[in-house]
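Residue-level structural notes
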Amino acid sequence: MKEYKMLIGGEWVSAKSGQTRDVTDPASGELLAKVPEANADDAKLAIAAARKAFDEGPWRSTPALERGKLLFKVSKAIMDNFDKFVEMEVRDCGKPRREAEFDVGDAANCFEYYGGLATKIHGQTMNTPDGSVSLIVREPIGVCGQIVPWNYPLLMSTWKLAPALAAGNCVILKPSELTPMSALELGQIFMDAGFPPGVVNIITGPGAGAGEELATNPKVDKVAFTGGTVTGKKVMQNATNNIKNVTLELGGKNPVIVFDDCNFDSAVDWTLFAAFANQGEVCSAGSRLLVQKSIHRKFVDELVKRVPRIKLGHGLNEGVVMGPLVSAAHRDKVESYIKIGIDEGAKLLCGGKRPEGKEFEKGNFVEPTIFDDVKPSMRIAREEIFGPVLSVIPFETEEEAIALANDSEYGLAAGVFTSNITRGHRVIGKIRAGITWINNYHPTYNEMPWGGYKQSGIGRELGLFGIEAYLETKQINIWLDDNPVGWY
């Protein structure tokens with residue numbers, strides 16, 4: 001068991017209240033760490049440190065090339081500690097080792113990507129009609145509060161930190177109070193790499209208090225939040241107090257559309273991955289399966305047949321591909337939705353309960369669950385469950401599939417499976433979602449924008465869009481005539 005402190009102004013500090021929070025392994029209940037329980041007072045200290053570092057410190061004048069080199073150091077340090085971060089992610093949030101290995105490698109790649117992009121922030125020059133020369137330059141926004149969720153602790157921290165720092169901002173990162181360890185370990189990497197004090201601050205604590213302060217404090221220029229839509233709305237409301245710049249990456253109830261001309265085996269395989277990767281604790285999870293009626297029965301039977309291949313257990317155990325849910329409270333929430341589905345009249349085909357056996361007794365496990373005969377009006381078809389629960393809805397025509405896919409307050413992700421690539425493009429073009437796939441699901445790239453339509457968020461992360469989200473645009477007009485204007 002490790003005792004952590006928070007990183008504020010280049011120093012490791014305890015919470016002002018002295019309170020701490022226990023961090024436990026969701027698969028075994030083992031106590032992993034104690035971390036400070038920050039509140040608004042601690043957040044104010046971190047904001048002041050970031051404000052000083054941005055307004056008075058050397059970071060704004062640090063050349064882009066040097067900022068990029070520092071991010072390269074962070075990338076290398078993550079890979080140098082690869083096994084340590086993998087085990088930490090598995091124990092902290094419950095995901096299987098195979099998924100954690102991908103996350104850690106992708107986090108390192110993300111820092112490397114934005115390290116290279118730091119020197120490629122360009123402006124414009126133009127001649128204006130009155131003969132002056134005008135410049136458009138890009139500048140860092142300033143102090144950025146960043147709030148990340150518990151399902152991808154290291155990766156979500158990276159998606160926020162890397163572009164913000166490449167652009168020249170100073171940051172206060174608040175990881176989820178459930179999964180703070182990798183963010184704090186990352187803080188040590190930033191210190192060892194040579195980032196000036198106050199450029200990166202990391203505080204741990206609940207959203208009520210620490211997180212709320214980041215959203216409301218007028219000394220924070222931007223807040224970036226990834227999490228549930230309900231909380232995202234509160235963040236947005238709080239940010240209106242001083243018209244704060246906001247990026248929100250929120251929830252989804254994402255459709256996977258399977259047409260009868262699909263590559264059957266591939267579509268089955270990808271559908272299971274879409275629904276059950278990371279225990280279904282993914283904002284882009286394909287939790288609504290829309291399958292054409294002509295293959296509906298055959299397709300669903302094959303899904304159920306393959307579910308037993310999904311081995312549950314502690315993520316560090318050999319062969320495990322699904323771990324526990326992040327907490328007992330979240331497990332209870334997922335189980336409540338399973339009961340809702342049954343009560344609404346959906347047909348439970350498999351799962352729906354906790355797995356039996358001694359190895360599961362102390363963990364927050366729920367079996368992969370599939371409902372059939374789901375009506376579009378049912379809550380399990382409309383509300384984000386954020387767990388291993390798949391709702392199957394049959395359709396007849398392409399037009400019906402598109403209408404069902406768009407019948408949601410969300411618009412984060414969607415997938416289409418068909419051998420007719422023309423139809424694939426046509427259908428994707430009519431679906432209102434920001435992240436889409438044809439004949440696969442879930443691959444994510446640092447080079448491509450991530451974000452959604454409707455109540456799935458505002459703005460985009462990753463790619464060039466990710467660094468744009470942390471830049472202001474300034475015009476500079478240079479008058480080339482020495483004569484007075486003569487207006488008065």
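Relevant structure appears above.
Residues numbered from 1 in each chain as written. Predicted model: local features only at pLDDT ≥ 70, side-chain atom pairs only at ≥ 80, totals over all residues. Heavy atoms only, no water.

Here we come to the nonpolar core. In terms of nonpolar packing, the biggest core is built from 127 residues, with Tyr114, Leu165, Phe195, Val258 and Phe299 touching the most fellow members. Those residues in contact with phenylalanine 299 that sit more than four places away from it in its chain are Val258, Phe264, Ala267, Val268, Thr271, Leu289 and Val291. Of all hydrophobic cores here, the second largest spans 29 residues; its members include Phe259, Leu290, Val366 and Ala414. (Core = buried A, V, L, I, M, F, W, Y, C linked by side-chain atoms within 4.5 Å. Buried < 20%, exposed > 50% of the residue type's maximum accessible area, 1.4 Å probe, protein only. Contact = heavy atoms within 4.5 Å.)

Structurally, aspartate 42 is set in helix H1 (residues 40–55). Buried charged residue aspartate 42 carries no salt bridge. Nearest counter-charge: lysine 16, at 6.3 Å. For aspartate 42, the side chain forms a polar contact with the main-chain nitrogen of lysine 16, separated by 2.8 Å. Residues in contact with aspartate 42, not counting those within four places in the same chain, are Met6, Ile8, Ser14, Ala15, Lys16 and Glu37. (Helix = DSSP H or I, 4+ residues; strand = E, 2+ residues; numbered from the N terminus. Lys, Arg positive; Asp, Glu negative; His and termini not counted. Salt bridge = Lys/Arg side-chain N within 4 Å of Asp/Glu carboxyl O. Polar contact = N/O pair within 3.5 Å; in protein donor to acceptor, adjacent residues only side chain to side chain.)

The subject of this paragraph is the sheet that holds strand E5 (residues 31–36). Taken in spatial order, the three strands make up an open sheet running E1-E5-E4, and their pairing is mixed. Two strands lie at the open edges of the sheet, namely strand E1 (2–3) and strand E4 (20–24), each paired on one side alone. Bridge count for E4 against E5 is five bridges, and the pairing is antiparallel. The residue of E5 that forms the bridge with arginine 21 is valine 35. (Pairing = 2+ DSSP bridges.)

Owing to its 3.6 residues per turn, the α-helix brings residues three or four apart onto one side. Residues of helix H14 (residues 421–430) that are buried include every one of Arg423, Gly424, Val427 and Ile428, and no others. Burial along H14 is one-sided: seen end-on, the buried residues are contained in an arc of 130°. In H14, the exposed positions angled more than 90 degrees off the buried face are occupied by Thr422, His425 and Gly429. Of the residues flanking the start of H14, the one acting as N-cap is asparagine 420, its side-chain oxygen 3.1 Å from the backbone nitrogen of threonine 422. (Arc of directions from axis to C-beta.)

Turning our attention to empty space enclosed by the protein. All chains considered together, the criterion is met by four cavities of 30 Å³ or more. Considering only enclosed or pocket space, the largest cavity measures out at about 70 Å³ in volume. As for the largest cavity, its lining consists of Gly252, Lys253, Gly280, Val282, Ala285, Ser287, Glu384, Ile385, Phe386, Gly387 and Val389. A breakdown of the residues in the lining of the largest cavity according to their chemical character gives five nonpolar, four polar and two charged. (1 Å grid on protein atoms, 1.4 Å probe; cavity = no way out; pocket = protein on both sides within 12 Å on 5 of 7 lines; lining within 4 Å. Points joined across faces, edges and corners; volume = space filled by probe spheres on them. Nonpolar A, V, L, I, M, F, W, Y, C, P; charged D, E, K, R; others polar.)

Moving on, we get to the packing of helix H2 (residues 64–80) against helix H6 (residues 181–193). Direction vectors running N to C along H2 and H6 enclose 130°, while the axes themselves pass 9 Å from each other. In terms of orientation, H2 and H6 fall into the oblique class. The way H2 lies across H6 gives a crossing that is right-handed. Contacts between H2 and H6 involve Leu70, Lys73, Val74, Ala77 and Ile78 from the former and Leu186, Ile189, Phe190 and Ala193 from the latter. The residue inventory of the contact of H2 with H6, partitioned by class, reads eight nonpolar, no polar and one charged. (Axes fitted to C-alpha atoms, helices over the stretch in contact; angles between N-to-C directions. Parallel < 35°, antiparallel > 145°, perpendicular 65-115°, else oblique. Left-handed = near helix turned anticlockwise from the far one by under 90°.)

All right, on to the packing of helix H13 (residues 398–406) against H14 then. Axes are the key here: two packed helices are described by the angle between their axes and the distance separating the axes. In contact at an axis separation of 10 Å, H13 and H14 are set at 35° when each is read in the N-to-C sense. Helix-helix and strand crossings are classified by hand; for H13 and H14 the assignment is right-handed. When H13 is examined against H14, the residues Glu398, Ile402 and Asn406 are found in contact with a partner set consisting of Arg423, Arg426, Val427 and Lys430. Looking at the contact of H13 with H14, its residues break down into two nonpolar, one polar and four charged.

This part covers the pairing of strand E14 (residues 288–292). Most of E14 sits out of view: five of its five residues are buried. Side chains Arg288, Leu290 and Gln292 project from E14 onto one buried face, and the interleaved Leu289 and Val291 project onto a second face that is buried too. Strand direction decides the pairing type here: strand E13 (residues 255–258) and E14, joined by four bridges, are parallel. Bridge pairing in E14 links valine 258 to valine 291. Remark: the E13/helix H9 (residues 264–276)/E14 crossover connection has right-handed handedness. In the sheet, E14 pairs with strand E17 (residues 389–395) via five bridges, with the strands oriented parallel. By the bridge assignment for E17, arginine 288 is matched with serine 391. (Right-handed = clockwise from strand over helix to strand, strands pointing away.)

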